[in-house]
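Overview (structure and organization)
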Amino acid sequence: MKSFWSGLTERERLLICAGAVVVVTLLIYALVLNPLAERKQASLRALETERTIYYNVLDMARASKNNSATVQTAPFRTTPIREAVTEASRKTGIAISRIQPDRDGDVSFWIDAANTGEIFDWLLLLEQEFGRQVKRISIQKNTGEETLRGQFEFEGEHQ
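Residues numbered from 1 in each chain as written. Predicted model: local features only at pLDDT ≥ 70, side-chain atom pairs only at ≥ 80, totals over all residues. Heavy atoms only, no water.

A few points about helix 4 (residues 116–130)
An ideal rise of 1.5 Å per residue puts 21 Å on 15 residues; helix 4 measures up with 21 Å between its terminal C-alpha atoms. Among the residues making up helix 4, those that are buried are I119, W122, L123, L125, L126 and F130. Buried residues along helix 4 cover an arc of 155° about the axis, so they all sit on one side. The inward-facing, buried residues of helix 4 abut helix 3 (81–92), strand 1 (96–101), strand 2 (107–114), strand 3 (134–141) and strand 4 (148–154). One side-chain oxygen of the residue at the start of helix 4 lies 3.1 Å from the amide nitrogen of G117, identifying that residue as N115. Positive backbone phi, approximately 70°, marks G131, located one or two places after helix 4. (Helix = DSSP H or I, 4+ residues; strand = E, 2+ residues; numbered from the N terminus. Expected span 1.5 Å × (residues − 1). Buried < 20%, exposed > 50% of the residue type's maximum accessible area, 1.4 Å probe, protein only. Arc of directions from axis to C-beta. Contact = heavy atoms within 4.5 Å. Polar contact = N/O pair within 3.5 Å; in protein donor to acceptor, adjacent residues only side chain to side chain.)

What to know about the sheet that holds strand 3
The strand order across the open sheet formed by four strands is 1-2-4-3, and the pairing between neighbours is antiparallel. Pairing within the sheet leaves two strands with one partner each, and these edge strands are strand 1 and strand 3. On average, each strand axis in the sheet is inclined to that of its neighbour by 15°, with strand direction left out of account. Bridge analysis of strand 1 against strand 2 gives five bridges, and the strand direction is antiparallel. Opposite I96, over in strand 2, you have I111 as the bridge partner. Running at roughly 15° to strand 4, helix 4 makes contact with strand 1, strand 2, strand 3 and strand 4 of the sheet. (Pairing = 2+ DSSP bridges. Axes fitted to C-alpha atoms, helices over the stretch in contact; angles between N-to-C directions.)

A closer look at a nonpolar patch on the surface
Together, V23, V24, L27, I28, Y29, L31, V32, L33 and L36 make up a nonpolar patch on the protein surface, roughly 860 Å² of accessible area in all. By secondary structure assignment, the location of L31 is in helix 2 (residues 10–70). (Patch = residues over 30% accessible without salt bridge, like charges linked within 9 Å, V, L, I, M, F, W, Y side chains within 5 Å. Areas by Shrake-Rupley, 256 points an atom, 1.4 Å probe, with all protein chains shown as cover. Salt bridge = Lys/Arg side-chain N within 4 Å of Asp/Glu carboxyl O.)

Considerations on the pairing of strand 2
Among the eight residues that make up strand 2, six are buried, leaving the element largely enclosed by the rest of the structure. From the end of strand 1 to the start of strand 2, which pair antiparallel, there are five residues, and G105 there has a positive phi angle of about 100°. Bridging between strand 2 and strand 4 involves six bridges; their strand directions are antiparallel. Pairing of W110 across the sheet is with Q151, part of strand 4.

Some words on the layout of surface pockets
In this model, the second largest pocket occupies a volume close to 210 Å³. If you trace the second largest pocket, you find 14 residues lining it, with I53, V57, T116, I139 and L148 closest to the centre. Every element with two or more residues in the lining of the second largest pocket is listed here: helix 2, helix 4 and strand 3. (1 Å grid on protein atoms, 1.4 Å probe; cavity = no way out; pocket = protein on both sides within 12 Å on 5 of 7 lines; lining within 4 Å. Points joined across faces, edges and corners; volume = space filled by probe spheres on them.)

See the structure below:
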C-alpha cells in the first residue's frame, strides 16, 4: 500500500483524498442524516394525524353532550345484549370478531378493525335505541392502519 501511495503524484493523492471526503460525506448523509430527517417528518405527520383525531373526538363529545340535552328519550326495547349488539353492528357495518360471556352475566365483544366514526355510531346506536351503555372499553390503533381494534364489555340482561 505504501509503495502504491508513494508511486502517486501529488495531484493524484489530492484527488484521491478529495474523493474520499466526498464519499464519506455522502455516506454520512445517506446513512445518518437522511433517515433522521425522514423519521422526524413521519413523526410530525403522525402527531398531526393524532391531533386531528383528538380534536374530532372532542367535537363529537361536545356535540353528543349538546344533543343529549335536547333529545327526547323513547322507551327502550328489551332486547338481549347479544341481539342488540348484532343488530347495531349490522346497521353500522362493524364486524364483531369475538363474543365472550362472563360468569356474572356481562358480555364482551371484540372488534378487529373499524374506524373511529363507525365505533362511535355503533356505541351511540346501542345507547339510543337499546339503552345499553358500554361498561368497559379497551381500544388500540391497528399498526400501520387508520383503524382501531377494541374490546367492549356490556352488562348482561337488565336487572
